[in-house]
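Below, each chain spelled out in residue letters.
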Amino acid sequence: VRAGRFFVFGMHDRGKTPPNTVNLRIEAGAAFGTGHHGTTVGCLTAYSELLKRKRFAKVLDVGCGTGVLAIAAARTGSTVAVGTDIDPVSARIARENAKVNATKARFVYAAGLEHPRVRRGKPYDLVFANILARPLIFLSGRIGRALKPGGLAILSGLLRMQEREVKAAYLAKGFVVEKRLYRDAWVTLVLRRR
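Values in this document were obtained by computation on a predicted structure and should not be read as measured data. (Residues numbered from 1 in each chain as written. Predicted model: local features only at pLDDT ≥ 70, side-chain atom pairs only at ≥ 80, totals over all residues. Heavy atoms only, no water.)

## As for the overall build of the chain
Helix and strand content of the chain: seven helices and ten strands. Relative to the compact-globule value of 16 Å for 194 residues, the chain shows a C-alpha radius of gyration of 15 Å, a close match. Viewed in the frame of its principal axes, the chain has a C-alpha envelope of about 45 × 35 × 30 Å. Pairs at least 24 apart in sequence give 64% of the contacts found in the chain among residues at least 6 apart. Just so you have it, the chain exposes about 9000 Å², and 53% of that area is on carbon and sulfur atoms. Here the chain carries 34 positive and 13 negative side-chain charges, and the mean point of each set is 6 Å from the other. (Helix = DSSP H or I, 4+ residues; strand = E, 2+ residues; numbered from the N terminus. Rg over C-alpha atoms; globule rule 2.2 N^0.38 Å. Contact = heavy atoms within 4.5 Å. Areas by Shrake-Rupley, 256 points an atom, 1.4 Å probe, with all protein chains shown as cover. Lys, Arg positive; Asp, Glu negative; His and termini not counted. Charge placed at Lys NZ, Arg CZ, Asp CG, Glu CD.)

Structure, rendered in structure tokens:
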């Protein structure tokens, strides 16, 4: 799957990667995030566009699944790339994918953002959260507190009909909308913390 400067592939496609892309070998197993879903493509595309303007030293991936987003950050210069997931199998698969991609991205099994490894990285320059609308709303305050002022959040996992409600939760926490990307029925929001 091509998403901006990124190319996500599985072991069965090795040797077929295009030149001049950041190639991410991701084995999904039982985790979410092979790059085929519109939300993952949206997050990677939004991140690729942001990289044209700046780099992000510290990145957090909430609900990391396969770890593809934190691994993409680590492969493009982030010195801290941490992912967290409420599913222990996903956290394990993400760690395996980090090793396959020779990155220093780190993944933990944890609910919320209170794990010591997550707290140590605060404040983050960028937070990815490719989860569902309800958890995005529930975590809006915590994601805001995890970011430095002016930091960015790339949110997805929400349908177009859920955009207004999710956006309202973040605007109420001091975020402003930088960009929206639409792919099929899915929305990716890029928000900046004031």
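Here the narrative resumes.
## Re the pairing of strand β7 (residues 124-130)
Of all seven residues in β7, seven are buried; the element is thus mostly enclosed. Bridge count for strand β4 (residues 58-62) against β7 is four bridges, and the pairing is parallel. Directly across from Val-62, in β7, lies its bridge partner Ala-129. Here β7 pairs with strand β8 (residues 147-159) via six bridges, running parallel. By the bridge assignment, Tyr-124 is partnered in β8 with Leu-147. (Buried < 20%, exposed > 50% of the residue type's maximum accessible area, 1.4 Å probe, protein only. Pairing = 2+ DSSP bridges.)

## Considering the packing of aromatic side chains
Evaluation of the coordinates by the stated rule reveals five aromatic pairs. Arranged with centres 6.1 Å apart and planes meeting at 45°, the rings of Tyr-47 and Phe-56 form a pair that is tilted. Measuring from ring centre to ring centre gives 5.3 Å for Tyr-170 and Phe-175, while their planes differ by 70°; the resulting arrangement is edge-to-face. Tyr-170 gets classed as buried once you look at its relative accessible area, which sits at 0%. Of the residues examined, Phe-175 reaches a relative accessible area of 0% and is grouped as buried. (Phe/Tyr/Trp six-rings, centres within 6.5 Å; stacked < 30°, edge-to-face > 60°.)

## Brief notes about the sheet that holds strand β1 (residues 2-3)
Sheet architecture is open: three strands sit in the order β1-β2-β3, paired in mixed fashion. Each edge of the sheet is formed by a strand with only one pairing partner; in this case those strands are β1 and β3 (22-25). Pairing of β1 with strand β2 (residues 6-9) involves two bridges; the strand directions are antiparallel. Among the inter-strand pairings, Arg-2 is bridged to a residue of β2, identified as Phe-7. Along the sheet face, helix α2 (residues 68-75) touches β2 and β3 and points at about 140° away from the line of β3. (Axes fitted to C-alpha atoms, helices over the stretch in contact; angles between N-to-C directions.)

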